[in-house]
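Summary of the model geometry
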Amino acid sequence: MMNLFIKSKKLLRISLFLVCFLSIKCWSQIQKTEPPFWYAGMHNPELQILFYGKNIAENEVSVSNGIPIKSIQKTENPNYVFVTIDTKDLTSQELLFTFFKNKKVVFTQKYALKERKANSASRKSYDASDMIYLIMPDRFANGNPKNDNQKAMLEKADRDNPSGRHGGDIEGIIQNLDYIKELGATALWATPLCEDDDAQGSYHGYGQSDVYRIDPRYGTNEDYLKLSSELHQRDMKLIMDYVTNHWGAAHWMMNDLPTYDWLHQFPGYAQTNYRMTTQFDTNASKIDAKLCADGWFVQSMPDLNQSNPLVLNYLIQNAIWWIEYADLDGFRVDTYSYNDKKGIAKWTKAITDEYPNFNIVGEVWMQDQAQMAYWQKDSKIGAIQNFNSHLPSVMDFTLMDALAVVFNQNQSEWDKGLLRIYNNFTNDFLYPNSNNLLTFVENHDTNRFNEVYQKDFKKYQMAMSILATVRGIPQLYYGSEIGMAGNKSEGDGAIRQDFPGGWQGDSNNAFSKTGRTVEQQQFFDFTSKLFQWRKSNDAVHFGKMTHYVPENNVYVYFRFTDTKTVMVVVNNGLTSGKINPKRFQENIKNFKIGKDVLTGKQFELSSFFEVEKQSALIFELQ
């Protein structure tokens, strides 16, 4: 019995030793590895891997397979180590990183280099032949109510709260892709889907807490892959809304920063002054310029320091990882001009070096064409200061501003009405590539177009006719096509309402023809017919433009190639107008007939024809 007691005590001591040893072992191992895996055969062979764990920097590091380590960078925080390896000429394989101390192995970490998709580097992106449909996933459709709430996530679903989470998700988007395609859209831009664990207002996704993980209330990373695949099966494209300027206060690094200057600190918080002109204003004070670029967008969104090489490389690799992983077709970059100017230019160039055809549109919210043109790739305006953003596309906010007022300016005046639209295009010479501008009448940050014009269908028709036929890449905000309205002065929830029919039990299902109201169907039919036509007309994709000074609030312009000509007539007046084709002879040339693309009605081009008040005609010339 005594021997049994002694043996039991020994076994107990051994068990306790093993428990303690394993606890220490687990505590010292890696808690985060980012990127979580990588791809072989990248244009830039250098890969910098972030390893995070308690006092991990106390260890030395080696890697298997004879792969050279180019550098091991440690910071003032002992919980991080950044290991850079050379992947040149490597094929897909599994690597083993070994962490050792005093020549003894402490722990190991497997790491995968995966095979890229065929022709990944030369992937085709979105361009002026596309129409982009913009959605806010939380407000679009709830395809899987089971994921509305997650134990580990702070904010729970509350559809009664305009600023709360409502439950829309990736599955809801997938279920309604055919609806989006029916509209004539060829690309989908969803506001950020990565994890945002803010305690409130997390539905918009711009305060991300993990940039390698889809928010579980939207679904999983695999669900995002499925969305990409489902779009590609429909010959449609997926555009990710990428945020380089800031993360959310709940990001996993915020309580344990790799370096003090990972963020812009003053110390701590200081808010941006939003004066983006200070980025190029030669008369700007240093403090104003610093506050613009380094100040935080809002207090809950810590401002990332892109001038820190570790931060910049982290953002570059994260963006490339998503392109490869999710087979993305483009980016829209939030608050582009609030970033460190030199840093964001390096970020953009690194991506387009990897993917020469990859389109990136930056949010540069300014009210002056020269100032917006400054930010487009190869800008001669930027070149005055030896600056090149390398950014292929910017958003045409001046066109949006004009479209938000002109249809209430019905009298012919020197600088009002359709002359504002005309004047917008007179400045196209400032842009290096005016075909690669994103055009829109509204988005998730602005008043709803149908709110501004009180659901006036004629004004909607004129605006969409212009959007579909001028240079650039048209973007439609979800719900415009069914007449959705919303006043931003009532809060962001008013312009980000739930799409009717996206939730079980909705009394109005606008996803279905049988579920739409008469008004919704009127808006939908027009929008669908217009943008379905646009899909196949090269002249409005990349054709040249000639426009004529508006007379009596009637604006006439042509889009044309060597083989095709489109004539657009917009009458914003309160009376019908007679059009004399002789004035436009340089573009009409020998064409005899103008065929209305929406009605099929034919107009003789040899004599006067009439255009109704507050209407638009789009002709294919024959």
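So, here is what we can say about the structure in this document.

Basis of the calculations
Residues numbered from 1 in each chain as written. Predicted model: local features only at pLDDT ≥ 70, side-chain atom pairs only at ≥ 80, totals over all residues. Heavy atoms only, no water. Pairing = 2+ DSSP bridges. Helix = DSSP H or I, 4+ residues; strand = E, 2+ residues; numbered from the N terminus. Phe/Tyr/Trp six-rings, centres within 6.5 Å; stacked < 30°, edge-to-face > 60°. Lys NZ or Arg CZ within 6 Å of the ring centre and 35° of its normal. Buried < 20%, exposed > 50% of the residue type's maximum accessible area, 1.4 Å probe, protein only. Arc of directions from axis to C-beta. Axes fitted to C-alpha atoms, helices over the stretch in contact; angles between N-to-C directions. Contact = heavy atoms within 4.5 Å. Core = buried A, V, L, I, M, F, W, Y, C linked by side-chain atoms within 4.5 Å. Nonpolar A, V, L, I, M, F, W, Y, C, P; charged D, E, K, R; others polar.

Let's talk about the pairing of strand β23 (residues 593–596)
Pairing analysis gives three bridges linking β23 to strand β24 (residues 602–604), with the strands arranged antiparallel. Looking at the pairing, Lys-595 lines up with Gln-602 of β24. Pairing of β23 with strand β26 (residues 615–621), which is carried by three bridges, proceeds in the antiparallel orientation. Within β26, the residue paired with Asp-596 across the bridge is Phe-619.

Remarks on the packing of aromatic side chains
One pass over the structure, following the stated rule, counts 61 aromatic pairs. Here Phe-603 and Phe-619 contribute two aromatic rings whose centre-to-centre distance is 4.8 Å and whose plane-to-plane angle is 45 degrees, an arrangement assigned as tilted. A residue pair is termed long-range when its members are at least 10 positions apart, and Phe-603 in strand β24 and Phe-619 in strand β26 qualify at 16 residues. Directly above the aromatic system of Phe-387 lies the positively charged group of Lys-341, at a separation of 5.1 Å from the ring centroid. Its end group placed over the ring of Phe-524, Arg-516 keeps NZ or CZ at 3.7 Å from the ring centre.

Some points on helix α5 (residues 286–294)
In an α-helix, one full turn covers 3.6 residues, which means residues spaced three or four apart are oriented alike. Buried within α5 we find Cys-292, Ala-293 and Asp-294. Seen along its axis, α5 keeps its buried residues to an arc of 165 degrees; they face one direction.

What about the sheet that holds strand β1 (residues 32–34)?
Think of a sheet as strands paired side by side through backbone hydrogen bonds, with each pair either parallel or antiparallel. Within the open sheet, the four strands sit side by side as β1-β3-β6-β5. Their pairing is antiparallel. Looking along the sheet, the strands with just one partner apiece sit at the ends: β1 and β5 (69–74). If you compare each strand with its neighbour and ignore which way they point, the axes differ by 15 degrees on average. Seen against the sheet, helix α6 (residues 309–326) touches β1, β3 (46–52), β5 and β6 (80–86) and runs at an angle of roughly 105 degrees to β3.

Some points on the pairing of β3
In terms of residue burial, β3 counts as a mostly covered element, since six of its seven residues are buried. Relative to β3, β1 is paired through three bridges, and the arrangement is antiparallel. When the bridges of β3 are listed, Lys-32 appears paired with Tyr-52. Here β3 runs beside β6; their pairing, made up of seven bridges, is antiparallel. Bridge pairing in β6 links Ile-49 to Val-83.

Quick word on the nonpolar core
Phe-97, Tyr-133, Tyr-224, Trp-262, Phe-331 and Trp-347 are the most contacted members of the largest nonpolar core, which totals 164 residues. Looking at which element gives the most residues to this core, the answer is α6, with 13 residues. Those residues in contact with Trp-262, other than ones at most four positions away along the chain, are Phe-82, Trp-247, Met-253, Leu-257, Asp-303, Leu-304, Asn-305, Asn-308, Leu-310, Val-311 and Tyr-314. Ranked by size, the runner-up nonpolar core spans 16 residues in total, among them Val-556, Met-567, Phe-609 and Phe-619.

Observations concerning unusual backbone geometry
Here the residue pair Glu-34 and Pro-35 is connected by a cis peptide bond, since its omega of -5 degrees sits within 30 degrees of zero. Along the chain, the position of Pro-35 falls in the loop between β1 and β2 (38–39). The omega angle of the peptide bond from Phe-266 to Pro-267 is -5 degrees, so this bond is cis rather than trans. Along the chain, Pro-267 falls in the loop between β13 (237–243) and α5. The backbone of Asn-55 sits at a positive phi, close to 55 degrees, despite the residue not being glycine.

Section: the packing of helix α4 (residues 221–233) against α6
Interaxial distance between α4 and α6 falls to 9 Å at its minimum, and their mutual angle equals 65 degrees. From α4, Asn-221, Glu-222, Tyr-224, Leu-225 and Ser-228 reach across to α6, where they touch Trp-321, Trp-322, Tyr-325 and Ala-326. Among the residues forming the contact of α4 with α6, the class breakdown is six nonpolar, two polar and one charged.

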